[in-house]
Amino acid sequence: MDIEKIADFWIAQIVGIGPVGKQILQEIFGDIVSLFLSSADEVETRIRNYKFGFIMKSDDKQISIRDYMGYNIEEKPKSRKYNIPHSVMEKLAQPSSRMEISDEYDRVTKKEVRFITKKDPDYPKRLMNLIDAPEQLFVLGRLPDPTQKAIGIVGARECTPYGRDMARLFGYRLAKAGMAVISGMAKGVDGWSHRGALEAGGDTFAILGCGVEVVYPHCNEKIYYNLKEKGGLISEYPSNYGARSENFPLRNRIISGLSDGILLIEARQRSGSLITVDAALDQGKDVFVIPGRIGDELSVGCNRLIRQGAIPVISPDDILEYYNIRPHNESDNLPGLTDEEASILAMVGTNPVSLATLAAKAQGTYANTLRIVTRLRKNRYIRESSHDHFIRV
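Right, let's walk through the structure included here.

Thresholds applied
- Residues numbered from 1 in each chain as written.
- Predicted model: local features only at pLDDT ≥ 70, side-chain atom pairs only at ≥ 80, totals over all residues.
- Heavy atoms only, no water.
- Helix = DSSP H or I, 4+ residues; strand = E, 2+ residues; numbered from the N terminus.
- Buried < 20%, exposed > 50% of the residue type's maximum accessible area, 1.4 Å probe, protein only.
- Contact = heavy atoms within 4.5 Å.
- Pairing = 2+ DSSP bridges.
- Axes fitted to C-alpha atoms, helices over the stretch in contact; angles between N-to-C directions.

### Things to note about unusual backbone geometry
Cis rather than trans, the peptide bond between Y216 and P217 has omega equal to -5°. Inspection of the secondary structure assignment puts P217 in the loop between β8 (204-207) and α12 (221-230). With a phi angle near 60°, M185 is a residue other than glycine that sits in the positive phi range. Examined against the element boundaries, M185 turns out to sit in the loop between β7 (180-183) and α11 (189-199).

This is the structure:
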């Protein structure tokens, strides 16, 4: 058994140690293996005796006190105090945490959960450039293909039927065209974007604010198990760690970090989804926004972003064209599609079109058009948005 891997896995179970905390511990003990092999008394003594200095930020990069002391500049960069919390120190010194870690590692491995650190070759390259890149990832299923274009879709948890439909539509069409859809599996927009991508048979990945063995929220339980088989569940938290409110804003940097761009669908003025947008902007990612109706509470955040320079989109094709991706032709993959059926399908877009309009444009009978529309609905290429009005799925 690889002692370095076990040591990394052990410290990953102690929530509260971020990149800065791990850097401090490496300065005290030399490396994580030495910390893991130290006695409880030695851990407490060395941490307490260590003179915690400052972790400096210069040019958006974190540097340690050791590096700072030799930093030859006239004006010292801004600094902030860092201390390892007492609760974390107690966990580091707890003997039982070391004795049981091999069993936990075996249990997680049997559950097919992969534990990946920055030292592993499959750690996502897209995350390596983040200042606050996660030290480790727990993965159930797959990781996104680094060569594949990816779109992060975020928005309101309490979304309107319009927001639900747009999340499902964009998730479906973008995944069908070959983009990976990345979101947070939260209630509302997140869940519907995953659902749309799954219905398209495309690639979709959820970044969780809990462990990958925890189903949260329960309303998305079916999505969870589908992602486990057909996509991926990814978290920086221990695999059985419960959902906590403070975890969700932190996971947003991973959603944007793994994506080429972020699509925002419905957001209040102080929406949590705007944290993802801020992370995307800091990371130099593209930001797309579906405009909302003026005056609607769930449109304020979206419309203000457009005013500030975000890219407004009214169709999935807008994003596909931006990335020079050819939109998927639905008629290519429907077995036995007749010319007449392909013609009707081509008439249905993202704006609702009535059955009567379709019959008139097709220059056929109402009954025949209804038969074709019924078949297309059954195959989930179109759906009824309101009575006798249809849109593309």
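Moving on from the coordinates now.
### Structural notes on helix α14 (residues 273-282)
Those residues of α14 lying buried are S273, L274, T276, V277, A279 and A280. Where α14 is buried, its residues contact β6 (150-155), α13 (247-257), β10 (261-265), β11 (286-289) and α15 (300-307). Among the residues trailing α14, G284 stands out with phi positive, at a value near 75°.

### Brief notes about the sheet that holds β10
The strands that make up a sheet are held in pairs by hydrogen bonds between backbone atoms, and each pair lies either parallel or antiparallel. The mixed open sheet is built from nine strands, whose spatial order is β4-β5-β9-β8-β7-β6-β10-β11-β12. Either end of the sheet is taken by a strand with one partner, and the two such strands are β4 (113-117) and β12 (311-312). Of the strand pairs in this sheet, β8 and strand β9 (residues 232-235) are connected by three bridges, and their pairing is parallel. For A206, the partnering residue across the bridge sits in β9 and is L233. Against the sheet, helix α1 (residues 3-12) contacts β4 and β5 (136-141), and its axis sits at roughly 100° relative to β4. Each of β6, β7 and β10 touches helix α10 (residues 161-176); the most contacted strand, β10, lies at about 155° to it.

That's the geometry; what it means functionally is another story.
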